[in-house]
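# Residue-level structural notes
Residues per chain are reported as follows:
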Amino acid sequence: MPIVGQARAIVRGFRERLANHTRLSATMAKQSEKPALQMRLAKAAIEVHQAELALRDIADEVRALRNRALPVQRSRWVATGAYVVQRARQILQDVSEGSGASAHFLQHPLQRALRDANVASCHIVFDFDAHRETYGKLLLGQNTPGAMY
(Lines give C-alpha, C1' and ligand atoms only; values in the text may rest on other atoms or scores of the structure.)
Protein backbone atom coordinates (compact mmCIF):
# COMPACT_ATOMS: atom_id res chain seq x y z
CA MET A 1 0.00 0.00 0.00
CA PRO A 2 1.20 3.50 -0.73
CA ILE A 3 0.81 4.66 2.87
CA VAL A 4 3.15 1.93 4.11
CA GLY A 5 5.61 2.80 1.35
CA GLN A 6 5.48 6.43 2.43
CA ALA A 7 6.07 5.44 6.04
CA ARG A 8 9.07 3.34 5.00
CA ALA A 9 10.54 6.23 2.98
CA ILE A 10 9.97 8.69 5.82
CA VAL A 11 11.62 6.37 8.35
CA ARG A 12 14.60 6.05 5.99
CA GLY A 13 14.73 9.85 5.68
CA PHE A 14 14.46 10.21 9.46
CA ARG A 15 17.44 7.86 9.87
CA GLU A 16 19.49 9.90 7.41
CA ARG A 17 18.50 13.15 9.08
CA LEU A 18 19.46 11.88 12.52
CA ALA A 19 22.84 10.74 11.24
CA ASN A 20 23.71 14.14 9.79
CA HIS A 21 21.75 16.80 11.68
CA THR A 22 22.73 18.80 14.73
CA ARG A 23 19.89 20.56 16.48
CA LEU A 24 20.66 23.78 18.25
CA SER A 25 20.84 22.99 21.95
CA ALA A 26 23.07 23.52 24.95
CA THR A 27 25.26 20.53 24.00
CA MET A 28 25.14 20.90 20.19
CA ALA A 29 25.12 17.10 20.02
CA LYS A 30 24.18 15.31 16.85
CA GLN A 31 20.66 14.01 16.92
CA SER A 32 22.02 10.52 16.31
CA GLU A 33 23.60 10.64 19.78
CA LYS A 34 20.29 11.18 21.59
CA PRO A 35 18.88 7.96 23.09
CA ALA A 36 15.27 9.13 22.81
CA LEU A 37 15.64 9.65 19.07
CA GLN A 38 17.53 6.37 18.67
CA MET A 39 14.62 4.58 20.35
CA ARG A 40 12.05 6.47 18.27
CA LEU A 41 13.88 5.46 15.09
CA ALA A 42 14.13 1.82 16.18
CA LYS A 43 10.43 1.68 17.03
CA ALA A 44 9.45 3.23 13.70
CA ALA A 45 11.69 0.83 11.76
CA ILE A 46 10.25 -2.19 13.57
CA GLU A 47 6.68 -1.03 13.04
CA VAL A 48 7.16 -0.36 9.33
CA HIS A 49 8.64 -3.82 8.94
CA GLN A 50 5.69 -5.38 10.78
CA ALA A 51 3.21 -3.44 8.63
CA GLU A 52 4.90 -4.74 5.48
CA LEU A 53 4.83 -8.29 6.82
CA ALA A 54 1.11 -7.99 7.54
CA LEU A 55 0.45 -6.85 3.97
CA ARG A 56 2.56 -9.68 2.55
CA ASP A 57 0.68 -12.15 4.73
CA ILE A 58 -2.66 -10.90 3.37
CA ALA A 59 -1.38 -11.08 -0.22
CA ASP A 60 -0.11 -14.64 0.30
CA GLU A 61 -3.45 -15.77 1.72
CA VAL A 62 -5.46 -14.08 -1.03
CA ARG A 63 -3.32 -15.82 -3.67
CA ALA A 64 -3.62 -19.17 -1.90
CA LEU A 65 -7.36 -19.08 -1.19
CA ARG A 66 -8.79 -16.81 -3.88
CA ASN A 67 -12.50 -17.58 -4.26
CA ARG A 68 -12.43 -20.32 -1.59
CA ALA A 69 -11.90 -17.83 1.24
CA LEU A 70 -14.54 -17.79 3.93
CA PRO A 71 -16.23 -14.53 4.94
CA VAL A 72 -14.33 -14.55 8.25
CA GLN A 73 -11.03 -14.77 6.38
CA ARG A 74 -11.98 -12.00 3.97
CA SER A 75 -13.09 -9.85 6.86
CA ARG A 76 -9.77 -10.38 8.63
CA TRP A 77 -7.91 -9.33 5.49
CA VAL A 78 -9.91 -6.11 5.24
CA ALA A 79 -9.60 -5.37 8.97
CA THR A 80 -5.87 -6.06 8.86
CA GLY A 81 -5.47 -3.72 5.88
CA ALA A 82 -7.26 -0.98 7.81
CA TYR A 83 -5.09 -1.70 10.84
CA VAL A 84 -1.94 -1.39 8.73
CA VAL A 85 -3.04 2.04 7.47
CA GLN A 86 -3.70 3.15 11.06
CA ARG A 87 -0.25 1.92 12.13
CA ALA A 88 1.47 3.62 9.18
CA ARG A 89 -0.28 6.87 10.06
CA GLN A 90 0.91 6.55 13.66
CA ILE A 91 4.46 5.82 12.52
CA LEU A 92 4.42 9.02 10.48
CA GLN A 93 3.06 10.94 13.47
CA ASP A 94 5.76 9.53 15.76
CA VAL A 95 8.51 10.44 13.30
CA SER A 96 6.98 13.89 12.91
CA GLU A 97 7.11 14.47 16.66
CA GLY A 98 10.80 13.59 16.73
CA SER A 99 11.80 15.54 13.63
CA GLY A 100 11.90 19.10 14.87
CA ALA A 101 10.08 22.17 13.65
CA SER A 102 11.60 22.24 10.16
CA ALA A 103 9.90 18.94 9.35
CA HIS A 104 6.58 20.77 9.61
CA PHE A 105 7.32 23.10 6.70
CA LEU A 106 5.06 22.44 3.75
CA GLN A 107 7.96 21.60 1.45
CA HIS A 108 9.17 18.81 3.76
CA PRO A 109 8.23 15.34 2.44
CA LEU A 110 7.00 14.30 5.88
CA GLN A 111 4.15 16.79 5.66
CA ARG A 112 2.83 15.34 2.41
CA ALA A 113 3.13 11.79 3.74
CA LEU A 114 1.34 12.66 6.96
CA ARG A 115 -1.48 14.46 5.13
CA ASP A 116 -1.88 11.54 2.71
CA ALA A 117 -2.01 9.04 5.58
CA ASN A 118 -4.56 11.14 7.44
CA VAL A 119 -6.81 11.34 4.38
CA ALA A 120 -6.45 7.65 3.52
CA SER A 121 -7.22 6.54 7.06
CA CYS A 122 -10.50 8.48 6.92
CA HIS A 123 -11.70 6.62 3.82
CA ILE A 124 -14.45 4.06 4.35
CA VAL A 125 -12.22 1.29 2.99
CA PHE A 126 -9.87 1.82 5.94
CA ASP A 127 -12.52 2.37 8.64
CA PHE A 128 -10.80 0.25 11.26
CA ASP A 129 -13.67 0.45 13.76
CA ALA A 130 -16.25 -0.81 11.25
CA HIS A 131 -14.00 -3.60 10.01
CA ARG A 132 -13.14 -4.72 13.55
CA GLU A 133 -16.83 -4.87 14.37
CA THR A 134 -17.58 -7.01 11.31
CA TYR A 135 -14.62 -9.30 11.95
CA GLY A 136 -15.59 -9.67 15.61
CA LYS A 137 -19.15 -10.62 14.67
CA LEU A 138 -17.93 -13.19 12.19
CA LEU A 139 -15.54 -14.65 14.77
CA LEU A 140 -18.56 -15.10 17.03
CA GLY A 141 -20.61 -16.69 14.24
CA GLN A 142 -23.01 -13.73 13.99
CA ASN A 143 -24.63 -12.53 10.80
CA THR A 144 -23.21 -9.40 9.14
CA PRO A 145 -25.72 -8.21 6.53
CA GLY A 146 -24.28 -5.68 4.12
CA ALA A 147 -20.73 -6.10 5.36
CA MET A 148 -17.88 -5.00 3.08
CA TYR A 149 -15.24 -7.72 2.69
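Heads up: the structure comes first, above all this text.
Figured I'd write up the structure that's included with this text. Predicted model, so just to flag it, every value in this text is computed and none were measured.

## Points about the overall build of the protein
- The secondary structure content of the protein amounts to 5 helices and 0 strands.
- Order of helices (α) and strands (β) in the protein, N terminus to C terminus: α-α-α-α-α.
- A principal-axis box enclosing the C-alpha atoms of the protein has dimensions of 60 × 25 × 25 Å.
- Counting over 149 residues, the protein shows a buried share of 36%.
- Accessible surface, the protein as shown: approximately 8,900 Å² in total, 58% of it carbon and sulfur.
- Between the centroid of the 21 positive side chains of the protein and the centroid of its 13 negative side chains there is a distance of 3 Å.

## What to know about the environment of proline 145
- Summarising the element assignment, proline 145 is placed in the segment after α5 (128-139).
- What makes proline 145 exposed here is its relative accessible area of 70%.

## Considerations on the environment of valine 78
- Note on placement: valine 78 falls in helix α3 (residues 71-97).
- Take valine 78: its relative accessible area is 24%, and that puts it in the partly exposed class.
- With 62 residues separating them in the primary sequence, valine 78 and glutamate 16 have C-alpha atoms 34 Å apart.

## Observations concerning the nonpolar core
- Val11, Leu92 and Val95 are the most contacted members of the largest nonpolar core, which totals 25 residues.
- At the level of secondary structure, the elements contributing two or more residues to this core comprise α1 (2-20), α2 (35-65), α3 and α4 (109-122).
- Among residues more than four places away in sequence, those in contact with valine 95 are Ile10, Val11, Phe14, Ala44 and Leu110.

## Concerning the side chain of glutamate 61
- Looking at the element boundaries, glutamate 61 is found in helix α2.
- Judged by its relative accessible area of 18%, glutamate 61 is buried.
- Side-chain polar atoms of glutamate 61 contact the side chain of tryptophan 77, separated by 2.9 Å.

## As for α4
- In this model α4 runs 20 Å from its N-terminal to its C-terminal C-alpha over 14 residues, within 8% of the 20 Å that 1.5 Å per residue would give.
- For α4, the secondary structure elements touched by its buried residues are α1 and α3.

About the criteria used
Residues numbered from 1 in each chain as written. Predicted model: local features only at pLDDT ≥ 70, side-chain atom pairs only at ≥ 80, totals over all residues. Heavy atoms only, no water. Helix = DSSP H or I, 4+ residues; strand = E, 2+ residues; numbered from the N terminus. Buried < 20%, exposed > 50% of the residue type's maximum accessible area, 1.4 Å probe, protein only. Areas by Shrake-Rupley, 256 points an atom, 1.4 Å probe, with all protein chains shown as cover. Lys, Arg positive; Asp, Glu negative; His and termini not counted. Charge placed at Lys NZ, Arg CZ, Asp CG, Glu CD. Core = buried A, V, L, I, M, F, W, Y, C linked by side-chain atoms within 4.5 Å. Contact = heavy atoms within 4.5 Å. Polar contact = N/O pair within 3.5 Å; in protein donor to acceptor, adjacent residues only side chain to side chain. Expected span 1.5 Å × (residues − 1).

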